[in-house]
Amino acid sequence: MSALESLHFLTERRHPTVIEILLLLRKLERKGFDIIFSWVPGHVGILGNEQADTAARSMSDHMQRPVCYQDLKTSAQNYIHRVWQETWDQQVLNKLHSIHPSTSHWAALPVRRHDVHLTRLRIGHTRFTHRHLLLSENAPECPSCKVPYSVYHILIDCPVFNRHRVTFFHTSVLTLSDLDENKKQCNKHRKPAYNYKPDDTVAIQRTQFGTGLKLRPKYFGPYEVTKANKHHRYEVQKIGQHEGPNVTSTSAAKMKKWCTH
């Protein structure tokens, strides 16, 4: 299926073999041939399938073709990630290993501020639990348990917060896996971010509210989307003369469609 899709969709990094197939296809079409590609869901149980596979492999062994850099890149990336994972598997004494034993990326939240808060909770580094290191003060201590405060203690261990666990998680006994599963369930019900496109006209949210600005409009606009980046972030440019930056970048969560009415 992926081979047929690569023949259909236009991409800038098309594989050289795909380009060669398309050129040959155009030549045959100009000569009057009508080529039809068909995808077969599976070859299991089809008579002659093993012989066909053997014949195809025997031919590929004799074909002297240069290896595409994309194939080498994929192979190198897989090898690097495998070695990286094997090395990380041995770091059992590292506290971050128990938090994230896999080298794969965490899925990013559409709002960066929320993503930062979640990451700080995961690694246990928050202003409340670590501010004393910057201020040269004693570590904050839980008055009930007589132990230093930590994210793990607040979310998992401390009986003082049992009522809150029951309210938000419907149980007083939690594990880190339970918290991560709860986050996945919340993401399922999260409203997906709107996908803006270049040339769309939008308004962007005011992010700074100083003295005397609370009653000012919460959005600047109009702006034109000039580029769409990863993780629902966009670069925008001011249209006309109005309050707000001339050029800036922002996220979909801090944008809305420009209304002319």
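Structure's up top.
Remember, it's a predicted structure, so these values are computed and weren't measured experimentally. (Residues numbered from 1 in each chain as written. Predicted model: local features only at pLDDT ≥ 70, side-chain atom pairs only at ≥ 80, totals over all residues. Heavy atoms only, no water.)

Enquirer: Go over unusual backbone geometry, please, and point to the residues and values.
Expert: Residue Pro-222 follows Gly-221 across a cis peptide bond; omega there is 5 degrees. Structurally, Pro-222 can be placed in strand E2 (residues 219-228). Within the chain, Lys-146 stands out as a residue other than glycine whose phi angle is a positive 60 degrees. Along the polypeptide, Lys-146 turns up in the loop between helix H7 (127-135) and helix H8 (151-157). Since its relative accessible area comes to 58%, Lys-146 is described here as exposed. Located in the positive-phi region is Asp-199, a residue other than glycine, with phi close to 85 degrees. Inspection of the secondary structure puts Asp-199 in the loop between helix H10 (176-189) and strand E1 (201-205). (Helix = DSSP H or I, 4+ residues; strand = E, 2+ residues; numbered from the N terminus. Buried < 20%, exposed > 50% of the residue type's maximum accessible area, 1.4 Å probe, protein only.)

Enquirer: Help me get a handle on the nonpolar core, residues and values and all.
Expert: Formed by Tyr-196, Val-202, Ile-204, Phe-220, Tyr-223, Val-225, Tyr-234, Val-236, Ala-252 and Met-255, the largest nonpolar core amounts to 10 residues. The set of elements that each furnish at least two residues to this core consists of E1, E2 and strand E3 (233-238). With three residues, E2 is the single largest residue contributor to this core. Ignoring sequence-local partners within four residues, the contact set of Tyr-234 consists of Tyr-194, Asn-195, Tyr-196, Val-225, Lys-227, Ala-228, Asn-229, Thr-248, Ser-249, Thr-250, Ala-252 and Met-255. (Core = buried A, V, L, I, M, F, W, Y, C linked by side-chain atoms within 4.5 Å. Contact = heavy atoms within 4.5 Å.)

Enquirer: For the packing of aromatic side chains, give the residues involved together with the corresponding values.
Expert: Per the counting criterion, the structure on display carries three aromatic pairs. Measuring from centroid to centroid gives 5.2 Å for Phe-128 and Tyr-149, while their planes differ by 55 degrees, and the two rings are tilted. With Phe-128 in helix H7 and Tyr-149 in the loop between H7 and H8, the pair connects residues that are 21 residues apart, well separated along the chain. Of the residues examined, Phe-128 reaches a relative accessible area of 42% and is grouped as partly exposed. (Phe/Tyr/Trp six-rings, centres within 6.5 Å; stacked < 30°, edge-to-face > 60°.)

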